[in-house]
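# Structure at a glance
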Amino acid sequence: MNVSVLFFGITKEKTGFSNYSFNLDPQSDLRVLEEELFRKFPKLKSEITFKFAVNNEYILGNQVLNNGDEVALIPPVSGG
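Report on the accompanying structure. Each chain has its residues counted from 1, running along the sequence as written. Totals for whole chains, interfaces and linings use every residue, but because this is a predicted model, local features are given only for residues with pLDDT of at least 70 and side-chain atom pairs only at 80 or more, for both listing and counting. Hydrogens and waters are ignored; side-chain quantities use all the structure's heavy atoms.

### Concerning the packing of aromatic side chains
To keep it simple, the criterion reads: In this analysis, rings of Phe, Tyr and Trp, with Trp reduced to its six-membered ring, are considered paired at centre separations within 6.5 Å, and the interplanar angle assigns stacked below 30 degrees, edge-to-face beyond 60, and tilted for intermediate values. Relative accessible area decides the class of each residue, using a 1.4 Å probe on protein chains only: under 20% of the type maximum gives buried, over 50% gives exposed, and in between gives partly exposed.
Tallied over the full model, the rule gives seven aromatic pairs. Relative to F52, the ring of F50 lies with its centre 5.5 Å away and its plane at 90°, an arrangement referred to as edge-to-face. Across this residue pair, the class does not change: F50 and F52 are buried. Three or more aromatic residues joined by ring pairs form one cluster here, namely F7, F17, Y20, F22 and F41.

### Considering the environment of N62
Selection rule: Strands are runs of DSSP state E lasting at least two residues, helices are runs of H or I lasting at least four, and both sets are numbered from the N terminus onward. Whenever two N or O atoms come within 3.5 Å, that pair is a polar contact, provided that in protein one can donate a hydrogen and the other can accept it, and provided that, for residues adjacent in sequence, both atoms are side-chain atoms.
Inspection of the secondary structure puts N62 in the loop between β4 (57-59) and β5 (70-74). N62 sits in the partly exposed class, given a relative accessible area of 32%. Expressed as a C-alpha distance, the spacing of N62 and L73, which sit eleven residues apart in the sequence, is 14 Å. Here the side chain of N62 touches L30 through a polar contact of 3.0 Å, landing on its backbone nitrogen. One polar contact links the side chain of N62 to the main-chain amide nitrogen of R31, over a distance of 3.3 Å.

Printed below as a string of structure tokens:
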């Protein structure tokens, strides 16, 4: 199945991409995607904590992904 990943802020800087498509086995979940992300973009491991949004909804924990899902990596945001 094909899953599109969107990168913002520091995740975009660390990967050099604003989006990237991954081909995953059917029934893969966010943990599988995270492993693939770290394998493809090892710089993401370094001191970055990010959250996931799948199809514009924040996800807490794990979720099985579906073909065509859009996953956003949401980096920490600071403001003032």
